[in-house]
Amino acid sequence: MHAAGDPAASESWMTAAQVLQDAAPLTIPEGASAMTVQVEWEPGDPGTPPHRHSGPAFGYVVEGAVRFELEGEPERVVEAGGTFWEPGGEVIHYQDGNALGDARTRFVVTMMCAPGKPMLELVPKEELEQRAHLRVPRPTE
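All of these numbers come straight from a predicted model, not from anything done at the bench. (Residues numbered from 1 in each chain as written. Predicted model: local features only at pLDDT ≥ 70, side-chain atom pairs only at ≥ 80, totals over all residues. Heavy atoms only, no water.)

S.K.: How would you sum up the sheet that holds strand β8 (residues 105–113)? Please name residues and give values.
M.R.: Pairing in this open sheet of four strands is antiparallel, and the strands run β1-β8-β3-β6 from one edge to the other. Because the sheet does not close on itself, it has two edges, and the strands there are β1 (33–41) and β6 (83–86). When the angles between neighbouring strand axes are averaged without regard to direction, this sheet yields 20 degrees. Alignment of strand β3 (residues 57–63) against β6, held across four bridges, turns out to be antiparallel. (Pairing = 2+ DSSP bridges. Helix = DSSP H or I, 4+ residues; strand = E, 2+ residues; numbered from the N terminus. Axes fitted to C-alpha atoms, helices over the stretch in contact; angles between N-to-C directions.)

Given below as structure tokens:
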């Protein structure tokens, strides 16, 4: 243990933090509030239907693996210890479900929410059809 005033104690903060993700550019709605949520999906749970957030969202997978897909990007699997982010706004978040069929998945996400807007808005089928050209083709199984 370091005593107060010890130079080693004052420098430990420099190695205590590890950057896991750095996202830019960010658009945070004026007057936004922040919310941190923990999500747990049982094995094989497909997660939330296609949706969007009113502001950016930053996530960290605590255990398991998340099948993650944003409009304009290929789907990917983010494993425990990995991070993800989405810009919010009009971008559709297609998938956030459990990529594992035999284990639970848990992640934490911090979202910036525009005033008067819901934290999450489901995207209607008609809009999904209109924006289908913006979705990266999914891998064939």
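What follows continues from the structure just given.
S.K.: So what's going on with a nonpolar patch on the surface? Which residues, and what values?
M.R.: Taken together, the side chains of L20, Y60 and V62 make up a nonpolar region of the molecular surface, amounting to roughly 240 Å² of accessible area. Position of Y60 relative to the elements: it lies in strand β3. (Patch = residues over 30% accessible without salt bridge, like charges linked within 9 Å, V, L, I, M, F, W, Y side chains within 5 Å. Areas by Shrake-Rupley, 256 points an atom, 1.4 Å probe, with all protein chains shown as cover. Salt bridge = Lys/Arg side-chain N within 4 Å of Asp/Glu carboxyl O.)

S.K.: Explain the pattern of salt bridges to me, using residue names and the numbers behind them.
M.R.: Counting across every chain of the model gives nine salt bridges. In this structure, E69 and R135 form a salt bridge, with 2.8 Å as the shortest nitrogen-oxygen distance. Placement of the pair is E69 in strand β4 (residues 65–70) and R135 in the segment after α3 (125–130), with a sequence separation of 66 residues. Where salt bridges share partners, they join R52, E71, E90, E127 and R131 into one cluster.

S.K.: Can you explain the side chain of N98? Please cite residues and give values.
M.R.: Topologically, N98 is positioned in strand β7 (residues 93–98). The class of N98 is buried, set by a relative accessible area of 6%. There is a polar contact of 3.0 Å between the side chain of N98 and the backbone oxygen of E42. A polar side-chain atom of N98 sits 2.7 Å from the main-chain carbonyl oxygen of A103. (Buried < 20%, exposed > 50% of the residue type's maximum accessible area, 1.4 Å probe, protein only. Polar contact = N/O pair within 3.5 Å; in protein donor to acceptor, adjacent residues only side chain to side chain.)

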